[in-house]
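Chain by chain, the residues run as shown.
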Amino acid sequence: MYIADYLVIQPGREQEGLQTYKSAWETALSMENTDEKRMILRELAQVWTKKRQWDCVEAIIQSIESEGTRVDVLSEFITALVNEQQWERTEAILQAAKSSDEGTTVLCKLNEAFIKERQWDRAEEAIQAMQDNFEKATASRDLAVALVSFQQWERAKHIVHSIREPDERAKALCALGGAFAQEQQYESAQLLWLEAEAIISTLEDDLRAWPLRVLAEVLIKEQQWERAETIIQTIDEDEWDEKDMALHELVEALIKEQQWERAETIIQTIDEWDEKAKTLSQLAGALYQAGQWSRSEIIWSAAEQTANMVSELAEKSMVSVALAEMFTRTGQQERAKEWWMKAKEEIRRMNEGENKRYVLRKLRKALIKARQWNQAEDAILMIEEYDERHGALQVLAMTLIKAQLWEQAEEVIWKIEDYYERAGLLREQGRALAQVQLLESAKERWKEARSEIQAIKYHFWKAKALCELGIVFAQAQMWIEAKLAMEDAEKEVYFIEGKDRRRPEILREIAKILAQAQQWERTEILIRRIEDTFWQACGWHDLAKALIKAKHWQQAKRAISMIEDSNQKVQAWHLLGITQAQTHLKKQAKESFKEAEKIARNIENLDQRADVLREIELGFAQLQQWRFFLITSKYIKYYFKKNTILHKIMAKMIKSRQRKYAEAIMRTIEDSDEQDGALETLAIRLIQTHQWKCAEAVIYKIRGNSARAEGLCKLALVFAQTQHWEYAEARWSQAQTIIKRIEEPEKRAQMLHVMVTTLIKAQQWKRARAAIRLIERNEESFLAWYELGEALFQAQQQELAHSAWVEAGVIASKMASKWDWKLHTLAGTLIKAKQWEHAESIIQKIEDHDKRAEMLRMLVEAYAQSHQWEQAETIIRMIEKNDEKIRALCALGTALFQGMQQERAEVIWEEAETIAHSITPYYSRAWDLRCVVEARCAAGKWQQALNLVQLSWMQAETSEEAISLFPLALRFVSIKPELGTTLGEAFTWANKFLEG
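Note that the coordinates shown come from a computational prediction; the quantities given were computed from them, not determined experimentally.

About the criteria used
- Residues numbered from 1 in each chain as written.
- Predicted model: local features only at pLDDT ≥ 70, side-chain atom pairs only at ≥ 80, totals over all residues.
- Heavy atoms only, no water.
- Helix = DSSP H or I, 4+ residues; strand = E, 2+ residues; numbered from the N terminus.
- Buried < 20%, exposed > 50% of the residue type's maximum accessible area, 1.4 Å probe, protein only.
- Contact = heavy atoms within 4.5 Å.
- Areas by Shrake-Rupley, 256 points an atom, 1.4 Å probe, with all protein chains shown as cover.
- Salt bridge = Lys/Arg side-chain N within 4 Å of Asp/Glu carboxyl O.
- Polar contact = N/O pair within 3.5 Å; in protein donor to acceptor, adjacent residues only side chain to side chain.
- Phe/Tyr/Trp six-rings, centres within 6.5 Å; stacked < 30°, edge-to-face > 60°.
- Lys NZ or Arg CZ within 6 Å of the ring centre and 35° of its normal.
- Expected span 1.5 Å × (residues − 1).
- Arc of directions from axis to C-beta.
- Core = buried A, V, L, I, M, F, W, Y, C linked by side-chain atoms within 4.5 Å.
- Axes fitted to C-alpha atoms, helices over the stretch in contact; angles between N-to-C directions.
- Parallel < 35°, antiparallel > 145°, perpendicular 65-115°, else oblique.
- Left-handed = near helix turned anticlockwise from the far one by under 90°.
- Nonpolar A, V, L, I, M, F, W, Y, C, P; charged D, E, K, R; others polar.

Caption draft 1: Quick look at the overall build of the protein chain. Across its full length, the protein chain holds 57 helices and zero strands. Counting all 996 residues of the protein chain, 51% fall into the buried class. Across the protein chain, contacts joining residues at least 24 apart in sequence account for 55% of those joining residues at least 6 apart. Only carbon and sulfur atoms are counted for the fraction: they give 47% of the accessible area of the protein chain, which is about 48,500 Å².

Written as structure tokens, this is what we have:
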């Protein structure tokens, strides 16, 4: 794994690294099912995910035995697939999750990823497949909130109302109301909160506390203090922890808004002493910072008295920490010290266990944050577990070093027992001292670090510490000290067992530091002693880089010649050539590049060869050495690798007016289609930079008819946009002639569509119509007519647009039901364009009942808004789907009422009511009845709306049905708030009655 990690970041060695990862995978599969195996498989999956090797990732996931690890890796994989829009794979995972043991977790992750990418339908599908009701409700809530942010109000409401469990639906309604409030849809938010409150009132006592707290949190966020407090006070006394925490959150919000009196009043209602003491200290601190010192002192005293009332040691110590923090923040150091001491004393009295460790951890962090260094050190020394205590001391030491508190840092460092860790901290303190120019002090710390290293018993850790110290010496340009440290490290290496795989790695590190110190001979001797060929090659490469940097050209060449690995050797020659070119040694650079090419051409693995040559070529491009670039390009055999390079340097060549070199490089591509694609790219870039003659010359060199025709069409469009009509006309004619020669019907149709698109953009309507009639395939022909119609309508050519859309409709109606979406799209466009009769004829051809009903309803709304009542009624009779028919009737009734046709509107609304009452199941009926109520209320027909609500409630047979109908009444609360309490009480009674 380590070698693979190294290889993949080396230029030209990515494929070798990936192959090494595969070897690591094979080795891991033979291991026992341990934590180490799970960790390796997870790391491998992450690597393959980053490299988009989807099949490899799926295979690894299948090989993971641990369910927890498998789910974690699969979750990461899902995120990557959705980000890359790999819908087929995500669909396969979704289907598999429906029947798997860990299905719910996977479906939740899918839902989360789909929401992020706005894949609403897929998110709904994942939710519907979930078996766990809690997770299903949570996912529904998240989707609904996301939909609100994209103004899909009705869909969001529908999803929340589909949640079956009342407590979960109430929580979702709270969150949805908050989302509406964020979008400034305050009336809708209020109605949703009222509905949530009504549902909560029907819950059992043990289920009520959490939804009430959620509702309170949302109301607090919206600064509805009174209502939030009222809600919190309704939380049952048995749920005191939820109640007190909610009150604490309310107080914090009030303090933030400087609502001192209200905050103090609410604090008095908190039952638990610890919560009350914490909130009192927060209020006192806020008052103190606001300059209200007398008042803050009164609150401080109350907080201290309350803190002394706490009996449980863990809670008491946490309160003491909170008070100490607040006193420190307000600059009252003596009082803070008193409470820090109390906290420590209370912790000492606690029994060993998780609580004590947790409180100690909180105390330690609070003291460090408050810069109470001595107190923090005392708290750390109270930790009994060795590793945790030493880890905390290291954190404190590093914090003190960053704060430049040198003496205190040193005192803490000497309390660390481990020699390696102590030496490391002394080394880092020395580095920090050197950065602020305290060199003498830095040298003293490094000397102490050197002394501590001598006490380390294990040879590997001693050698590692010496290497790390040597690096610091080298960075400070203390070459003699660096050399001595490396020599001692080298001596330690020889005591490490020969089988230890870390030995060659340490030797390479020593050699690297010696090379940086320009100890050339010593470095070379050490490299020769490295037994592992890989690490030895790395050593020679490091030496070559250092020599190149020092501009010792001949010695660098000698070091490069010692590298056995071809990839590293090519990199070294390439670096040498680049450096020589930058120092204007063009002749020597040319020789170095030739050496790199010579080795690269002999690499057997085509993929690796392409990677290596790509790096060389990019170097040439950077230096604008186009001739060298051309030489190496022909040796790349992988077309996709070559195109990657070409696209990157194409812009540079064109900018430098090096078109001939660009064309020559294109000709090195052996595959004709790939070459045509590259030439087309070159032509487009030339067009974009207004090099039109050059672009045309390149287009004529394209051999493929499709690519050449597309290039001519784009060139014609540019000529048309610059008013060069003769040139444009000639290029379109040439393109059309070429397209006729294309033998494959599909490609010919696609290219004619491309040509039509450019003609439409140039507003060449007549020629566009003629070109469309040449298209033989229905799909391209439909799209072309549709696009032409849209463009003509936007250009206010309504008659011509109508004609184009008629043609599109004729084509679409000939096709199977899979073309429904095209008819749906066309109908929607025609309705917006007020082409209603034509839209009706198109809608009648849609086979899908849902889509047809939706479009007919949209047509009714359009007719109604234009006061064409008869036509609207006629269309309504065609709608077969009841919910769409009700929406259409409501829309027509509203339009009639606004048009002073009150009696007729009443008849329409009554018809909508009748249909709504006949609908099953009950939750669908409730949704449709709401449309009728909303329509009547909007028209001011409050009594009729109230009658409808009353009738619906009287017909309810179960508590679930009653709950689904309750939102019908919320519209009345928005105009008469005092009804809320009465309705809530009545609903609670009705619910109990229905439950028997």
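And the narrative resumes.
Caption draft 2: Spatial organisation of helix H8 (residues 120-129). Three or more residues of H8 are buried, namely Trp120, Ala123, Ala126, Ile127 and Ala129. If you follow the buried residues of H8, they end up packed against helix H6 (87-97), helix H7 (103-116), helix H9 (133-149) and helix H10 (153-161).

Caption draft 3: Geometry of the pattern of salt bridges. Summed over all chains, the structure comprises 41 salt bridges. Here Arg431 makes a salt bridge to Glu428, at a shortest N to O gap of 3.1 Å. Of the two residues, Arg431 and Glu428 are both situated in helix H25 (residues 419-435); the distance of three residues between them amounts to about one turn of the helix. The partly exposed category is assigned to Arg431, whose relative accessible area is 25%. Residue classification places Glu428 among the partly exposed residues on the basis of a relative accessible area of 22%. Each of Arg427, Glu428, Arg431, Lys464 and Glu468 takes part in one network of salt bridges that share partners.

Caption draft 4: Here's a closer look at the environment of Glu125. Looking at the element boundaries, Glu125 is found in helix H8. Spatially, the C-alpha atoms of Glu125 and Leu94 are 8.8 Å apart, while their sequence positions differ by 31 residues.

Caption draft 5: How the structure looks around unusual backbone geometry. Of note, Gln223 is a non-glycine position whose phi angle comes to about 60°, a positive value. Structurally, the position occupied by Gln223 is in the loop between helix H13 (205-221) and helix H14 (225-233). In this structure Gln223 comes out as partly exposed when scored by relative accessible area, which is 44%. With phi around 60°, Gln477 is a residue other than glycine that occupies positive phi space. Its location among the elements puts Gln477 in the loop between helix H27 (459-475) and helix H28 (479-493). With relative accessibility at 61%, the residue Gln477 sits in the exposed group.

Caption draft 6: The side chain of Arg936, seen in detail. Here Arg936 lies in helix H53 (residues 922-938). Relative accessible area serves as the criterion here: at 1%, Arg936 is assigned to the buried category. Separated by 2.8 Å, the side chains of Arg936 and Glu906 make a polar contact.

Caption draft 7: The arrangement of the packing of aromatic side chains in detail. Enumeration according to the criterion identifies ten aromatic pairs in this entry. Taken together, a centroid distance of 6.0 Å and an interplanar angle of 45° make the contact between Trp54 and Phe77 tilted. Of this pair, Trp54 sits in helix H4 (residues 54-63) while Phe77 sits in helix H5 (residues 67-83), placing them 23 residues apart in sequence. For the pair shown, Trp54 and Phe77 are each scored as buried. Of the aromatic side chains, those joined through ring pairs into one cluster are Tyr420, Phe460 and Trp461. For the cation-ring pair, Lys342 lies above Trp339, with the distance from its terminal atom to the ring centre recorded as 4.0 Å.

Caption draft 8: Region of interest: the environment of Val932. For Val932, the position within the fold is in helix H53. Classification of Val932 as buried rests on a relative accessible area of 0%. Counting along the chain gives 42 residues from Val932 to Cys890, while the straight-line C-alpha distance between them is 6.2 Å. Discounting chain neighbours no more than four positions away, the residues touching Val932 are Ile886, Cys890, Trp909, Ala912, Glu913 and Leu948.

Caption draft 9: Local environment of helix H18 (residues 293-309). Over its 17 residues, H18 runs 24 Å from end to end, which matches the ideal 24 Å to within 8%, given 1.5 Å per residue. Within H18, burial applies to Ser296, Ile299, Trp300, Ala303, Glu304, Thr306 and Ala307. Down the axis of H18, the buried side of the element spans an arc of 165°, and every buried residue falls inside it. Turned more than 90 degrees away from the buried face of H18, the exposed residues are Ser294, Ile298 and Gln305. Where the residues of H18 are buried, they touch helix H16 (260-267), helix H17 (273-289), helix H19 (313-329) and helix H20 (333-348).

Caption draft 10: The arrangement of the nonpolar core in detail. Grouped together as the largest cluster of nonpolar side chains are 202 residues, with contacts concentrated most on Trp340 and Ile510. Considering every element that reaches this core, the biggest residue donor is helix H31 (residues 533-549), with ten residues. Counting 93 residues, the second largest nonpolar core, distinct from the first, contains Ile687, Leu712, Phe782 and Ala912.

Caption draft 11: Examining the packing of H19 against H20 more closely. Put simply, H19 and H20 touch, their axes get as near as 8 Å, and they point 160° apart. Compared by their axis directions, H19 and H20 come out roughly antiparallel. With respect to the hand of their crossing, H19 and H20 are arranged in left-handed fashion. Between H19 and H20, the contacting residues are Leu313, Lys316, Ser317, Ser320, Val321, Leu323, Ala324, Glu325, Phe327 and Thr328 on the first element and Gln333, Arg335, Ala336, Trp339, Trp340, Lys342, Ala343, Glu346 and Ile347 on the second. The residue inventory of the contact of H19 with H20, partitioned by class, reads ten nonpolar, four polar and five charged.

Caption draft 12: Fine view of the environment of Leu280. Turning to its location among the elements, Leu280 is positioned in helix H17. Judged by its relative accessible area of 4%, Leu280 is buried. Leave out the neighbours within four places in its chain, and Leu280 touches Ile267, Ile299, Ala302, Ala303 and Thr306.

Caption draft 13: View of the packing of H25 against H27. Contact pair H25 / H27: the axes reach a minimum separation of 11 Å and the direction vectors enclose 0°. As the angle between them shows, H25 and H27 are arranged roughly parallel. Seen from H25, the contacting residues are Tyr420, Arg427 and Arg431; seen from H27, they are Trp461, Lys464, Ala465, Glu468, Leu469, Val472 and Gln475. Among the residues forming the contact of H25 with H27, the class breakdown is five nonpolar, one polar and four charged.

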